[in-house]
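A look at the structure
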Amino acid sequence: MTAAATPAASPAMTGEQPGVRLARSRRNAELSLLLLAMVLVAAYGAIVEANLLDTVTPDFWMPAAALGLVFLGMHLVIRWLAPFADPALLPAVALLNGVGVGFLRRLDLGKAAPADRETLAIFAGTGGRQLAWTLAAVILAAGLLVLMRDHRSVSRYAYTLGLAGIVLVMIPAVLPGRFSEINGAKLWIRVGGFSIQPGEFAKLALLVFFAYYLVRKREVLSLASRRILGIDFPRGRDLGPVVGVWLISLLVLVFEKDLGTSLLYFGMFVVTLYIATERVSWLLIGLVLFFGGAYLAYVLGGTVGGPFANFYTRAEIWLDPFAEPYDRGYQLVQGLLGLGSGGLFGTGPGAGEPLEIPEVQNDFIFAGIGEEIGLFGLTALLVVYLLIVERGLRAGLAVRDSFGKLVAGGLAFTLGLQVFVIVGGISKLIPLTGQTTPFLSAGGSSLMANWLLIAVLLRISDAARRPVTQGGGPAARPGGGPPEQLHGAPTEVIRP
């Protein structure tokens, strides 16, 4: 027999278990993309120093190296615990997180006196704190992967998580303003120098409850009472859950004084409901209810005032920010001027004036970055966000159980909606909100909550991509271990 006719060694002959080669290939691709992301972050830091210091210090690479070590640890956890997970999720999030840390260090350099910039410690200031928060967030995400070996197991605690989510949403609303209010929005819990935004964690808890509830009520909510213009509308008595969540979202809008948070919660529920029932009518009902409620709050704010006054003021600033460009409209005006001065290509990292924008490290970080990287750079960042959302939706489509489909679809949409809300606010598309830009803005609450979101998507994508053996069960895990035991409800298939 010639060499050309020698049959290729099968997995059984080589001792390789089913799926091991596929898992190794995906993790190697993830590692390569992760290294590329850190090279881009290091290059961003070098350009910032070249523009601000007229030189590049020997330590420019240290923030990127520190981040690289943190993300490499997360990569090893994924390789061990979720070997079939989507290989693009971690590198995409790492790139966004790295750019955020790099821009916050750029702000620290801009605030320092010119003579002190070269000696500014790598881990000092807001950028250094963000590095610490990144480490904490990644450890938290890795811990979730360790504890949650099967995404369906979390459904056992759906009602507890739903109650916890409502409590987390309502705590800032009932606290006095000095403990919860920043820039007019009551979204925080502040004690001394420490602050936390509980709503960031509430969205994850509430989504798990929504998914659990809708899996069990899907058939009832799919029933139609009448057809109007070719669209099937639900029965009146089935509107209770939507009306209930709508009322909660209006309470958030009025008492927490933030349109973005209200839109985020209500939109998350309505879209999850649409995924579960496939009824376009639920989207139409949701849009009518939300925008009708927002308009009612605006009218009441202009006539009655009271708890509606803050939303009315924000709407007025949105309608004409240049009416008072040095007072109420100052932040929005400066953000628009920053975006405008950046043009198509930007002034260059480190060459703009982002410190002229109030709260540029938080709510308006997208405007500050946009001034320096321009429209093309911002478009690239939005494409990275779009990639994460698309991968999350793909995991939802591929996973075999209805609960996983709703959780993955809801989480992916929630992340995309949050980006839309903050970018829409700074670009004057919608009124300003108190939302943070995921993975970019300074602060620990948003960073930790969104890394937890990514951990859940990784777990679901691992379940969706895991090969199925001839016996119908999951393939054995790489490394010779037994297949993971799945707990919770039996696997079910949702209709396409």
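Just so it is clear, the model here is predicted, and its values are computed rather than measured.

**A few points about the overall build of the chain**
Along its length, the chain carries 16 helices and 6 strands. Looking at the chain as a whole, 53% of its 496 residues qualify as buried. For the chain, the proportion of contacts with a sequence separation of at least 24, taken over those separated by at least 6, is 73%. As presented, the chain carries roughly 21600 Å² of accessible surface, and 68% of it is formed by carbon and sulfur atoms.

**Some words on unusual backbone geometry**
Its identity is not glycine, yet Lys428 carries a phi of approximately 70°, on the positive side. Inspection of the secondary structure puts Lys428 in the loop between helix 15 (402-426) and helix 16 (444-465). A residue is classified by how much of its surface remains accessible, and Lys428, at 30% relative accessible area, is partly exposed. One non-glycine residue with positive phi stands out, namely Phe439, at about 70°. Along the chain, Phe439 turns up in the loop between helix 15 and helix 16.

**Let's talk about the packing of helix 9 (residues 240-255) against helix 10 (residues 259-277)**
In contact at an axis separation of 7 Å, helix 9 and helix 10 are set at 165° when each is read in the N-to-C sense. Classed by the angle they form, the pair helix 9 and helix 10 counts as roughly antiparallel. Here helix 9 runs over helix 10; the crossing is right-handed. Only Leu259, Thr261, Ser262, Tyr265, Phe266, Phe269 and Leu273 of helix 10 make contact with helix 9, whose side of the interface consists of Pro241, Val242, Val245, Trp246, Ser249, Leu250, Val252 and Leu253.

**Notes on the pattern of salt bridges**
Throughout the structure, instances matching the rule amount to 12 salt bridges. With its nearest N and O atoms 3.9 Å apart, the salt bridge here joins Glu49 to Arg105. Taken together, the residues span a long stretch of sequence, with Glu49 in helix 2 (residues 20-53) and Arg105 in helix 4 (residues 89-111) at a distance of 56 residues. Put simply, Lys203 and Glu200 hold a salt bridge, and the shortest N to O gap is 3.1 Å. Taken as a pair, Lys203 and Glu200 lie in helix 8 (residues 199-222) at a separation of 3 residues, close to a single helical turn. Through salt bridges with shared partners, a single ionic network connects Asp86, Glu390, Arg391, Arg394 and Arg465.

**Section: the nonpolar core**
Counting 123 residues, the largest nonpolar core has Phe71, Met74, Ile369, Phe439 and Trp451 as its most contacted members. Examining the composition of this core, we find that 13 residues originate from one element, helix 4, more than from any other. Those residues in contact with Ile369, other than ones at most four positions away along the chain, are Val99, Phe103, Gly374, Leu378, Leu381 and Leu440.

**Describing helix 10**
Helix length check: helix 10, at 19 residues, gives a terminal C-alpha distance of 27 Å against a target of 27 Å (1.5 Å per residue), a fit within 8%. With respect to burial, helix 10 is a largely interior element, 17 of its 19 residues being buried. Once helix 10 ends, the next one or two residues include Glu278, with phi positive near 65°.

**Describing the side chain of Glu30**
As for its placement among the helices and strands, Glu30 is situated in helix 2. Look at Glu30 and you get buried, because its relative accessible area is 0%. There is a polar contact of 2.6 Å between the side chain of Glu30 and the side chain of His75. Those residues in contact with Glu30 that lie beyond four places of it in its chain are His75, Ile78, Asp86, Pro87, Leu90 and Pro91.

**With respect to the packing of aromatic side chains**
Applying the stated criterion to the full structure yields 11 aromatic pairs. Relative to Trp451, the ring of Phe439 lies with its centre 6.2 Å away and its plane at 80°, an arrangement referred to as edge-to-face. With Phe439 in the loop between helix 15 and helix 16 and Trp451 in helix 16, this pair connects stretches of sequence that are 12 residues apart. In terms of burial, Phe439 and Trp451 fall into one category: buried. A cation sits over an aromatic face here: Arg149 above Trp80, 5.8 Å from the ring centre.

**A word on the environment of Leu375**
Position of Leu375 relative to the elements: it lies in helix 14 (residues 365-398). Look past the residues within four positions of Leu375 in its chain and what remains in contact with it is Gly343 and Leu344.

Quick notes on the rules
Residue numbers restart at each chain and count upward from 1, following the sequence in its written direction. A pLDDT threshold of at least 70 governs which residues receive local features in this predicted model, and a stricter bar of 80 or more applies before side-chain atom pairs are shown or counted, although totals over entire chains, interfaces and linings include all residues. The side-chain quantities take in all heavy atoms of the structure and omit both hydrogens and water. Secondary structure is summarised from DSSP: a helix means a run of H or I of at least four residues, a strand means a run of E of at least two, and numbering begins at the N terminus for each. Exposure categories follow from relative accessible area, calculated using a 1.4 Å probe and restricted to protein chains: below 20% of the type maximum is buried, above 50% is exposed, and the middle band is partly exposed. Any pair of residues with heavy atoms lying within 4.5 Å of one another is described as a contacting pair. Method for areas: the Shrake-Rupley scheme with a 1.4 Å probe, in which residue coverage is limited to the protein chains shown. Throughout, an axis means a line fitted to C-alpha atoms (over the contacting stretch in the case of helices), and angles, computed between N-to-C directions, take values from 0 to 180 degrees. An angle below 35 degrees is treated as roughly parallel, one above 145 as roughly antiparallel, one from 65 to 115 as roughly perpendicular, and anything else as oblique. Take the far helix as your reference; a near helix turned counterclockwise from it by less than a right angle gives a left-handed crossing, and one turned clockwise gives a right-handed crossing. For this document, the term salt bridge refers to a Lys or Arg side-chain nitrogen within 4 Å of an Asp or Glu carboxyl oxygen. Definition of nonpolar core: a set of buried residues of the types Ala, Val, Leu, Ile, Met, Phe, Trp, Tyr and Cys, connected through side-chain atoms within 4.5 Å. Take the residue count of a helix, subtract one, and multiply by 1.5 Å to get its expected span. What qualifies as a polar contact is a pair of N or O atoms within 3.5 Å, subject to a donor-acceptor requirement within protein and to the restriction that residues adjacent in sequence count only when both atoms come from side chains. Planes of paired rings set the category: under 30 degrees apart is stacked, over 60 is edge-to-face and the rest tilted, where pairs are Phe, Tyr or Trp rings (Trp by its six-membered ring) whose centres lie within 6.5 Å. For a ring to carry a charge above it, either NZ of a lysine or CZ of an arginine must fall within 6 Å of the ring centroid while also lying within 35 degrees of the normal to the ring plane.

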